[in-house]
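# Inside the fold
Listed below, chain by chain, are the residues.
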Amino acid sequence: MKTRFVLINTSHAGNVGAAARAMKTMGFDDLVLVAPRWANVLRREETIQRASGALDVLNNARIVATLDEALDGMSHLCATAMTPRDFGPPTAAPRAHFEMLLKSELLRHEAPAQETKNPQNPGEESPADPGAAPQAGVAFLFGSERFGMTNEDVYRCHVALSIPTNPGFGSLNLGAAIQVIAYEWRQALGGFAVQEATPPRALADAAQVAGMLGHWEQALTSIGFLDPAAPKKLMPRLNQLFNRAQLSPEEIHILRGVAKAMIETAQAKR
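These remarks concern the structure in this document. (Residues numbered from 1 in each chain as written. Predicted model: local features only at pLDDT ≥ 70, side-chain atom pairs only at ≥ 80, totals over all residues. Heavy atoms only, no water.)

## Concerning the side chain of Ser-222
Note that Ser-222 resides in helix α8 (residues 206-222). You can call Ser-222 buried: its relative accessible area is 18%. A distance of 2.6 Å separates a polar atom in the side chain of Ser-222 from the backbone oxygen of Ala-219. Here Ser-222 is in contact with Met-262, Ile-263, Ala-266 and Arg-270, once residues within four sequence places are set aside. (Helix = DSSP H or I, 4+ residues; strand = E, 2+ residues; numbered from the N terminus. Buried < 20%, exposed > 50% of the residue type's maximum accessible area, 1.4 Å probe, protein only. Polar contact = N/O pair within 3.5 Å; in protein donor to acceptor, adjacent residues only side chain to side chain. Contact = heavy atoms within 4.5 Å.)

See the structure below:
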């Protein structure tokens, strides 16, 4: 589904940059500004600084005079309005609404697919219907920092998204609100895989573990902890312990260093 973020009457240039950054981190790049305070807001220094590298989103952004222009091609409109209104679209949390939206969109695409099957040969599809419904587009609308969205703009939306916050303090700045909506929508669409902060840990092989255990057997014998004449099950138990630990080669080196120090200390005391 096409995704567009629409900022209406934005007054702070930094918020435009913050919006671009929030969008880019979640993989979105369609930003439209409706009558912002600054005509050159996309090129202002504060905007560029707050974008923190999301310059491609700023370069792709458009400035339009009216909301109608901003919503061209969009089929599902989501207001982000925290202020209660006597009349308007239903209010929903982003996560619940996105789940419902994607389910209905899936059903909408499945029905025509079933209808295109050739009734005389179910395994063969009929020619595509030139009048098939166009691809859906979702627009997230954000009002000005001071006044939020006007009633008229909210009324034309299908839903008013409300981010669940502390009932005693629900104030979010524009950049933060966009980040939350962008994150929830990206998660609904499947999300991104978590990137490992550290490389995968290499594991010591069986020969390295066996060599280390042999070294430890010598060390434990040298300090009198292990009696070679009656070893019982000490070494097999240590073997199981180290197997559960899934030691790395570096950890094997450390343990062998400990064993070496134990042997040298025992020899020095003789």
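The structure having been displayed, the exposition proceeds.
## Examining the pairing of strand β2 (residues 31-34)
With burial as the criterion, each face of β2 is covered, one bearing Leu-31 and Leu-33 and the other bearing Val-32 and Val-34. Relative to β2, strand β1 (residues 2-8) runs parallel, the two sharing four bridges. Its bridge partner lying in β2, Leu-7 is registered against Leu-33. In this fold, the crossover linking β1 to β2 by way of helix α1 (residues 13-25) has right-handed handedness. As defined by bridge partners, β2 adjoins strand β3 (residues 62-64) across three bridges and the pair is classed as parallel. Opposite Val-32, over in β3, you have Arg-62 as the bridge partner. (Pairing = 2+ DSSP bridges. Right-handed = clockwise from strand over helix to strand, strands pointing away.)

## Structural notes on the packing of α8 against helix α10 (residues 249-268)
Orientation of α8 relative to α10, taken along the N-to-C sense of each, is 20°, at an axis distance of 8 Å. With respect to α10, the element α8 is oriented roughly parallel. The interaxial crossing formed by α8 with α10 has left-handed handedness. On α10, the residues touching Gln-208, Val-209, Gly-211, Met-212, His-215, Trp-216, Gln-218, Ala-219, Leu-220 and Ser-222 of α8 are Pro-249, Ile-252, Leu-255, Arg-256, Val-258, Ala-259, Lys-260, Met-262, Ile-263 and Ala-266. Broken down by class, the residue content of the contact of α8 with α10 amounts to 13 nonpolar, five polar and two charged. (Axes fitted to C-alpha atoms, helices over the stretch in contact; angles between N-to-C directions. Parallel < 35°, antiparallel > 145°, perpendicular 65-115°, else oblique. Left-handed = near helix turned anticlockwise from the far one by under 90°. Nonpolar A, V, L, I, M, F, W, Y, C, P; charged D, E, K, R; others polar.)

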